[in-house]
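A look at the structure
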Amino acid sequence: MTDDLEQGNEPAVRAPRDPIETLLAHCRPQPAIPGLLVLFLTVVIAVFTYDPGSDRSVLALLIPVALLASCGLAVAASFCSFFPALAWILVAWWAMKFTAAGPLPAYNQAVLLVGMGAAALMLLVQGWRVATGRFVPTIRVDEAPQS
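Residues numbered from 1 in each chain as written. Predicted model: local features only at pLDDT ≥ 70, side-chain atom pairs only at ≥ 80, totals over all residues. Heavy atoms only, no water.

Moving on: the packing of aromatic side chains. All chains considered together, the criterion is met by 2 aromatic pairs. With a centroid separation of 5.2 Å and an interplanar angle of 80°, the aromatic rings of Trp94 and Phe98 are classed as edge-to-face. An aromatic cluster is built from Phe40, Trp94 and Phe98, whose rings are joined through pairwise contacts. (Phe/Tyr/Trp six-rings, centres within 6.5 Å; stacked < 30°, edge-to-face > 60°.)

Considering the arrangement of structural elements, one finds Pro103 in the loop between helix H4 (83–95) and helix H5 (107–131). For the pair Pro103 and Val44, spaced 59 residues apart in sequence, the C-alpha to C-alpha distance is 9.5 Å. (Helix = DSSP H or I, 4+ residues; strand = E, 2+ residues; numbered from the N terminus.)

Turning our eyes to something else, we now look at the pattern of salt bridges. Counting across every chain of the model gives 1 salt bridge. As a salt-bridge pair, Arg14 and Glu21 come within 3.0 Å of each other at their nearest N and O atoms. We classify Arg14 as partly exposed; its relative accessible area is 21%. (Salt bridge = Lys/Arg side-chain N within 4 Å of Asp/Glu carboxyl O. Buried < 20%, exposed > 50% of the residue type's maximum accessible area, 1.4 Å probe, protein only.)

That's the geometry; what it means functionally is another story.
Laid out in structure tokens, this is it:
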């Protein structure tokens, strides 16, 4: 049997039925993957390539761009789940320890704080969207016959 998406049809969906389904529908982790991947890679590459004896290169100026891009991905993904913004805030908080005297230049602390503020604001926006009914999560329904 072919999938609905392969046939060009939208998959069958329904609203969550109980509080557990509602919680799971509002906290999907899949949309967070791109933003968190960019954030992790930015921090990890900076940590592993850090040489305290050498001058900082022009490439260090790209770190804030990557941090803001990852935050943008998390904020965009937060239009369908609370998880991306919340996870981004937690990982950015972890990354703050590398800005004091570590591999990330100190000005990245301000970039991370701005990103955390934007992600927190997105949590409020998504909460407002849910509270006012502008966003209703759905659960995909598998219509395969039970045997």
